[in-house]
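Below are the chains, spelled out letter by letter.
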Amino acid sequence: NDDPVIFAASGFTAKPTGKSAPQPVAVPTFRSIDFGVNSGQIVVAVKSVAGAKSYFIRYAVMNGATPGAWTTIAAASIQKSITLSSLTPTTTYGFQVQALGVLGYSDWSPIETIICI
């Protein structure tokens, strides 16, 4: 009879009919960080997170546990691994990834390091 009081009194609960509100995107992580084919290359692969429209990867030379100046690149697609070139061999680099969703940016992922060969 389209009476919500009778419906609720019967022990049933109504299921929402609209779309749920957008949620903030989770902090993404790397699927892998590895050496490239050539010296001075690092290959990164990002794990996708629900609701992300694009991703940003940043890297910096590490001074012990402290990163130097960050270089940030946009990664509209993470379907394939991304190769970063022109890095300095025998140098330790730190990498982080961030997602962009409808409600804004996620936090940066924890720093992961690798020595470039």
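The text that follows walks through the structure, step by step, so that each part is easy to find. (Residues numbered from 1 in each chain as written. Predicted model: local features only at pLDDT ≥ 70, side-chain atom pairs only at ≥ 80, totals over all residues. Heavy atoms only, no water.)

Tallied over the entire structure, the rule returns three aromatic pairs. Clustering of aromatic rings is evident, with ring pairs tying together Tyr59, Tyr93 and Phe95. Above the face of the tryptophan 70 ring, arginine 58 is positioned so that its terminal group lies 4.3 Å from the ring centre. Between the NZ or CZ atom of arginine 58 and the centre of the ring of tryptophan 108, over which it lies, the distance is 4.1 Å. (Phe/Tyr/Trp six-rings, centres within 6.5 Å; stacked < 30°, edge-to-face > 60°. Lys NZ or Arg CZ within 6 Å of the ring centre and 35° of its normal.)

All right, on to the nonpolar core then. Ranked by internal contacts, the top residues of the largest apolar core, which has 21 residues, are Phe30, Ile42, Val44, Tyr55, Ile57 and Phe95. For this core, the elements supplying multiple residues, two or more each, are β1 (30–35), β2 (42–46), β3 (54–63), β6 (82–84) and β7 (92–101). With four residues, the top contributor of residues to this core is β7. (Core = buried A, V, L, I, M, F, W, Y, C linked by side-chain atoms within 4.5 Å. Buried < 20%, exposed > 50% of the residue type's maximum accessible area, 1.4 Å probe, protein only. Helix = DSSP H or I, 4+ residues; strand = E, 2+ residues; numbered from the N terminus.)

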